[in-house]
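The lines below spell out each chain.
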Amino acid sequence: MDYKKLLPNKNLRLKILDTTNFIPDEYMLKFQYKVKTGRNLNLENPKRYTEKLQWYKLYYRDPLMTLCSDKYSVREYVKEKGLGDILNPLYGVYENVNDIDFDSLPNSFALKNTNGAGGNIFIENKKTVDIEKIKQEADKWLEKKTLKYGREWSYYNIQPRLVAERLLERDENNDIPDYKFFCFNGEVKYLYTMVDYTDNHDNGKCSFFTPDFEKLPYRRSEFPPIENDIDKPKNFSKMIEIAETLSKDFPHVRVDLYNIRGEIIFGELTFYNASGYTIFEPDEFDFILGDDFILPNKLKAVEK
C-alpha cells in the first residue's frame, strides 16, 4: 500500500496520527509496519533489522537515549566522551521564538528544533529573508505535545527548544557531506552517504559502504544508487573512531558525522533509523543488518 499516494498531504497524515495516540504502542507498530513495508511484524523472533528496531522502540528504555535524542542535550554527552572539538559552533538555545535576537546572529546560520518534531531552516543571508515568517514556522516546532507518530520512545520526554548553529559549508558538488554510521555495541558495521540531495532530497542518490569505505550493492529503495565512485573522506579512520566512541553505550545507534574538507563535525545520534520502516534494495540487506543487531535480554531491557 502506497499510503503517501492515498494521503499525499503530510500535515493531514500527522493530524490523523494524532488521533491514534490512545492505541497501545505494540498494536500501532504492527499496523504501521504492515502499511509501510507490506509485511507482518514479528516481535517474538525478529530477524530483520527493521523488525528489531520496532522491538527496540518497545522494550529498550535507557534514559540516556532520551538525553542523546535531544539535539541540544546530546552536546554534553559528546563533551563527556572527550569529543567537544567536533561540535558545531552554537549561537544560542531558546524556549521561545521571541527570545531569539536575530540582530546578534551572524548573517548565515541554521535554526533547528531539538526534539525531531519539525525541521531545519537554513538561512544563507538573513537580510533577504522574512524573519517573522521564520518565527512563525519555528514556533510550530515548540508546541508541547507527545510525539508518538512512529512510537519512538526516546523522543517522548524531550522539551522542545530551538538551537541556532553555524551554517555548514557546501562542497564542490553543492552538497553537505554527511556520513551515517550504523553501530552495534560500539562497532561500526556499515555506513551510508548520499549525493545530490541537499537542495532537493527527492533527487538524492544513496549507497552503503563498509568500514573500509568500499561501496556495497545496497541502498534505501526510495533513492537510486550512487553511480560514480566517490573519494574516501579525509580523516575517515578518525570518523570511525569517533562513531565507535559515541556508540559504546548502546546496543545500536546511528552516528551521523559531517566531513567538510577534512573537518569532522558531529551531526546527531539516531536510535530508530527511518523509524524502522526502510525498504532496502536488495531486501537481503535487512537481514544482514539484523544479524549484526544483537538485542539485549528482554527483561533487562524493560528494567532500563
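In the block above lies the structure referred to throughout.
Along each chain, numbering runs from 1 in the same order as the chain's sequence is written. Reporting in this predicted model follows two pLDDT cut-offs: at least 70 for local features of residues, and 80 or more for side-chain atom pairs to be given and counted; totals over whole chains, interfaces and linings ignore these cut-offs and use all residues. Water and hydrogen atoms were dropped before computing side-chain values, which therefore reflect all heavy atoms in the structure.

## A word on the overall build of the protein chain
Here's step 1: In terms of helices and strands, the protein chain carries 10 helices and 11 strands.
Here's step 2: Only protein chains enter the accessibility calculation, which uses a 1.4 Å probe. A residue is then buried if its area is under 20% of the maximum for its type, exposed if over 50%, and partly exposed in between. Taken over 304 residues, the protein chain has a buried fraction of 50%.
Here's step 3: In this description, contact between two residues means that some pair of their heavy atoms is separated by no more than 4.5 Å. Expressed as a percentage of contacts within the protein chain between residues at least 6 apart in sequence, the contacts between residues at least 24 apart total 61%.
Here's step 4: If you sum the accessible surface of the protein chain, you get close to 15500 Å²; carbon and sulfur atoms cover 46% of it. Every helix listed is a DSSP run of H or I at least four residues long, and every strand listed is a run of E at least two residues long, numbered separately from the N terminus. Where accessible areas are quoted, they stem from the Shrake-Rupley method and a 1.4 Å probe; at the residue level, only the protein chains shown are allowed to cover.

## Some words on helix α4 (residues 49-59)
Here's step 1: Burial analysis of α4 places 11 of its 11 residues in the buried class, which makes it a mostly covered element.
Here's step 2: Within the sequence span of α4, burial applies to Y49, T50, E51, K52, L53, Q54, W55, Y56, K57, L58 and Y59.

## Thoughts on the pattern of salt bridges
Here's step 1: Salt bridge, as applied in this entry: a Lys or Arg side-chain nitrogen positioned within 4 Å of an Asp or Glu carboxyl oxygen. Under the criterion given, the structure shown has 27 salt bridges.
Here's step 2: With a closest N to O distance of 3.9 Å, R61 and D25 form a salt bridge. Residue R61 is located in the loop between α4 and α5 (63-69), and its partner D25 is located in helix α3 (residues 25-37); the two are separated by 36 residues in the primary sequence.
Here's step 3: Residues E26 and K30 are paired through a salt bridge, measuring 3.2 Å at the closest nitrogen-oxygen approach. Note that E26 and K30 are positioned in helix α3 at a spacing of 4 residues, about one turn of the helix.

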